[in-house]
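Residue-level structure breakdown
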Amino acid sequence: MADFRFQLNDKAIERLPPPKNGRYIVRDTELKGFFLIVGARKKTFTIQGDLREEGKRASTIRVAIGDTSGMSTRAARSIAKEYLAQISRGHHPKGDERAAKATTAAALEASEVPKIVGITLRQAWARYEISLVRKNRSERTVEGYRDHVERLFAEWLDTPLIELGNDPAKVAAKHDAITAENGPYMANGSMRTLRAVYNHARRTNRELPAENPVGGIDWNGEKRRDTGMGLADLKSWFMELAEIENPIRREFHLFTLLSGCRSTALKEAKVSHLDLRRRVLHVPKPKGGADRAFDIPLSRHMIMCLMRVMRFGRLLHPFEAREWIFPADGADGHLSEQKEDRETLSKWGNDLRQTFRTIATPAGVSELDARMLMNHSIPGVNAGYITRHKLLEDHLRAQQQAISSLVFTTLGDDVAKNEKLASWLGLGATQRTIRCAEEAFKRREVVAA
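Residues numbered from 1 in each chain as written. Predicted model: local features only at pLDDT ≥ 70, side-chain atom pairs only at ≥ 80, totals over all residues. Heavy atoms only, no water.

Topic: the overall build of the protein chain
Our working definition: Per the convention used, a helix needs a DSSP run of H or I reaching at least four residues, while a strand needs a run of E reaching at least two, with both numbered from the N terminus. Residue contacts follow a heavy-atom distance rule, with two residues in contact if any of their heavy atoms lie within 4.5 Å. Values of accessible area rely on a 1.4 Å probe in the Shrake-Rupley scheme; residue burial ignores everything except the protein chains shown.
When helices and strands are counted, the protein chain shows 18 helices and 8 strands. The contacts of the protein chain with a sequence gap of at least 6 include a subset with a gap of at least 24, amounting to 59%. For the protein chain, the computed accessible surface area is about 24,100 Å², with 49% contributed by carbon and sulfur atoms.

This is the structure we're talking about:
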């Protein structure tokens, strides 16, 4: 058969018929010197170039790259470019092997097929990261994936994914190693990341094995952390919270409890996100990205909490408080670490989110309303018929107020009896707390001087 010439791609190659006898060549119109040899049983990617010595052609060489059953056209073209570049510099692509003129198909079949390189984990992660950004995933989500790939799989970054795909035992051994060194939850999380990166890469790299190598691991058992408080636990927790000297951190933990919001989202709350006319705090980039943005309806207790922390912020961090609701010293300008010593404050962070969900039930808040207040997804086909913002102004705010009222009801008369609670939450608290903040600010200036 006569030779053909068109731009090689996977679909076009699949449609090429086998020769009636012998072989025929299909040359690529995009890359000169790159072509496909079609035989009765296989189709082989090949390159051909002139090897020169002292500016004169010494020999014409052909080098097989691999057959179409083992690699995609994109991967073959990438290897072909590298081989042709080596030939143009006077080097044979096979390194130490003797450069020989190969002009017949028989000589080509006898030549050694080089190792398939294909897409590496680093390249696959770069492409997957772009897809996460395009899907408006939050920076925290992207950073979590990045930590898994670039820290836990650092030694695999330049490893071709096809090697991992063909060796699931290697992946299983890595899961075991991460479990031993970083814990079962981190091991499972990192493998979910690797699974997602591999699946995304295979969409455009069909040479990768169809079965994801992560499927061969033995997953660690995971249980939901049951660390929330009940109504009986709140009084002692408030006593602990009143002992926190930093008023901004104190109000941050209280607002976390009253809102049930994730700490990572609250730390980045800005003054511009607060709408006191509508009595809502906007969360533009929660877990799940901008597409999951929502408004937190504010109870009376939550508004008082925000007013206190904003006054403290203006006194302690006047510059940062122009932008952030929970300001702090540091490069970010806002609170960056919410963790406390457990002996000082027994519950914080996700513990308070679980507490919010626990208290919602005795407060008379339905499962559906609680999920909407916490910005959880709503299961079932009816979810698409619920317009959240239509419920926000009246119904959801009433549910939020019911939870906040129940939280403070548990304190009873202790607000008046306990000096620190009274100074913080009792009558005349605003003036006293501002005076305390002013004194703290003066001490801070003395230390800085």
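A few points about helix H2 (residues 73-88)
Stated formally: To estimate how far a helix should extend, the number of its residues minus one is multiplied by 1.5 Å. Think of it in three bands: residues with accessible area under 20% of the maximum for their type are buried, residues over 50% are exposed, and the middle band is partly exposed, with areas taken using a 1.4 Å probe on protein chains only.
With 16 residues, H2 should reach 22 Å at 1.5 Å per residue; the first-to-last C-alpha distance of 22 Å fits that figure. Inspection of H2 places Thr-73, Ala-75, Ala-76, Arg-77, Ile-79, Ala-80, Tyr-83, Leu-84, Gln-86 and Ile-87 among the buried residues, and these make up the whole buried set. Following H2 by one or two positions, Gly-90 adopts a phi angle in the positive range, close to 90°.

Focus: the sheet that holds strand E8 (residues 294-297)
Just so we agree on the cut-off: Strands pair, by our definition, only if DSSP identifies at least two bridges between them.
One open sheet holds the 3 strands; their spatial order is E6-E7-E8, and the pairing between them is antiparallel. Single-partner strands in this sheet number two, and they are strand E6 (274-275) and E8. Taken together, the 4 bridges between strand E7 (residues 280-283) and E8 define a ladder with antiparallel strand orientation. If you follow Leu-281 over to E8, its bridge partner there is Ile-296.

So, the environment of Ser-272
Inspection of the secondary structure puts Ser-272 in the loop between helix H11 (263-267) and E6. Residue class for Ser-272 comes out exposed when judged on its relative accessible area of 63%.

Some details on the pattern of salt bridges
What counts is decided by this rule: The working definition used for a salt bridge is a side-chain nitrogen of Lys or Arg within 4 Å of a carboxyl oxygen of Asp or Glu.
Tallied over the full model, the rule gives 14 salt bridges. A salt bridge links Glu-340 to Arg-249; the nearest nitrogen and oxygen atoms lie 2.8 Å apart. Of this pair, Glu-340 sits in the loop between helix H12 (300-316) and helix H13 (350-360) while Arg-249 is found in helix H10 (residues 247-259), placing the two residues 91 residues apart along the sequence. Residue class for Glu-340 comes out buried when judged on its relative accessible area of 16%.

Here's the deal with the nonpolar core
Test applied: Residues belong to one nonpolar core when they are buried, are Ala, Val, Leu, Ile, Met, Phe, Trp, Tyr or Cys, and are joined through side-chain atoms within 4.5 Å.
Ranked by size, the top nonpolar core spans 55 residues in total, and within it Phe-238, Phe-255, Leu-281, Leu-298, Ile-325 and Phe-326 carry the most contacts. Residue contributions to this core peak at 8 residues, all from H12. The contact partners of Leu-298, leaving out residues within four places of it in the chain, are Phe-255, Leu-274, Arg-279, Val-280, Leu-281, Ile-303, Leu-306 and Arg-397. Listed in part, the 27 residues of the second largest apolar core include Leu-121, Ala-187, Val-214 and Ile-217.

Thoughts on the packing of helix H5 (residues 139-152) against helix H8 (residues 184-202)
The condition is simple: In this analysis, axes come from line fits to C-alpha atoms, helices being fitted only over the stretch in contact, and the angle between any two N-to-C directions falls in the range 0 to 180 degrees. Any angle that is under 35 degrees is reported as roughly parallel, and any over 145 degrees as roughly antiparallel; angles of 65 to 115 degrees are reported as roughly perpendicular and all others as oblique. Here the term charged refers only to Asp, Glu, Lys and Arg, the term nonpolar to Ala, Val, Leu, Ile, Met, Phe, Trp, Tyr, Cys and Pro, and the term polar to all other amino acids, Gly among them.
Remark: H5 packs on H8, axes separated minimally by 9 Å, with the N-to-C direction vectors making an angle of 95°. Comparing their axes, H8 and H5 come out roughly perpendicular. Together, Tyr-145, His-148, Val-149, Arg-151 and Leu-152 of H5 and Met-186, Gly-189, Ser-190 and Thr-193 of H8 make up the contact between the two elements. Classifying every residue of the contact of H5 with H8 by side-chain character gives 4 nonpolar, 4 polar and 1 charged.

A short note on H8
Look at H8: 27 Å from first C-alpha to last across 19 residues, which is about the 27 Å you get at 1.5 Å a residue. Looking at H8, one finds that the buried residues are Ala-187, Asn-188, Gly-189, Ser-190, Met-191, Thr-193, Leu-194, Val-197, Tyr-198, His-200 and Ala-201.

Some points on the confidence of the model for the protein chain
Here is the rule: A score between 0 and 100, pLDDT records how confident the predictor is in each residue.
Per-residue confidence for the protein chain averages 82 on the pLDDT scale, and 82% of its residues sit at or above 70. Below pLDDT 50 for its whole length, residues 96-116 participates in 32 contacts with residues either more than four positions away or in separate chains.

Quick notes on the packing of helix H4 (residues 121-134) against H8
Between H4 and H8, the shortest axis-to-axis distance is 9 Å and the interhelical angle comes to 90°. When the axes of H4 and H8 are compared, the pair comes out roughly perpendicular. Taking contact as the criterion, the partners of Leu-121, Ala-124, Trp-125, Arg-127, Tyr-128 and Ser-131 in H4 are, on H8, Leu-194, Ala-196, Val-197, His-200 and Ala-201. Considered class by class, the residues forming the contact of H4 with H8 number 8 nonpolar, 2 polar and 1 charged.

A word on the environment of Leu-274
Relative to the helices and strands, Leu-274 is located in strand E6. Ignoring any residue separated from it by four or fewer positions in sequence, one finds Leu-274 in contact with Val-280, Leu-281, Leu-298, Leu-306, Met-307, Met-310 and Ile-325.

Some remarks on the packing of aromatic side chains
Remark: the centre distance and the inter-plane angle together describe each pair of aromatic rings, the angle taken between the planes. What counts, and what does not: Note on aromatic pairs: the rings of Phe, Tyr and Trp (six-membered ring only in Trp) are paired at centre separations within 6.5 Å, and the planes decide the class, stacked below 30 degrees, edge-to-face beyond 60, tilted for the rest.
Tallied over the full model, the rule gives 10 aromatic pairs. Ring geometry for Trp-237 against Phe-238: centres 5.4 Å apart, planes inclined by 85°, an arrangement best described as edge-to-face. Since its relative accessible area comes to 0%, Phe-238 is described here as buried. A centroid spacing of 5.1 Å and a plane angle of 90° characterise the contact between Phe-252 and Phe-326, whose relative ring orientation is edge-to-face.

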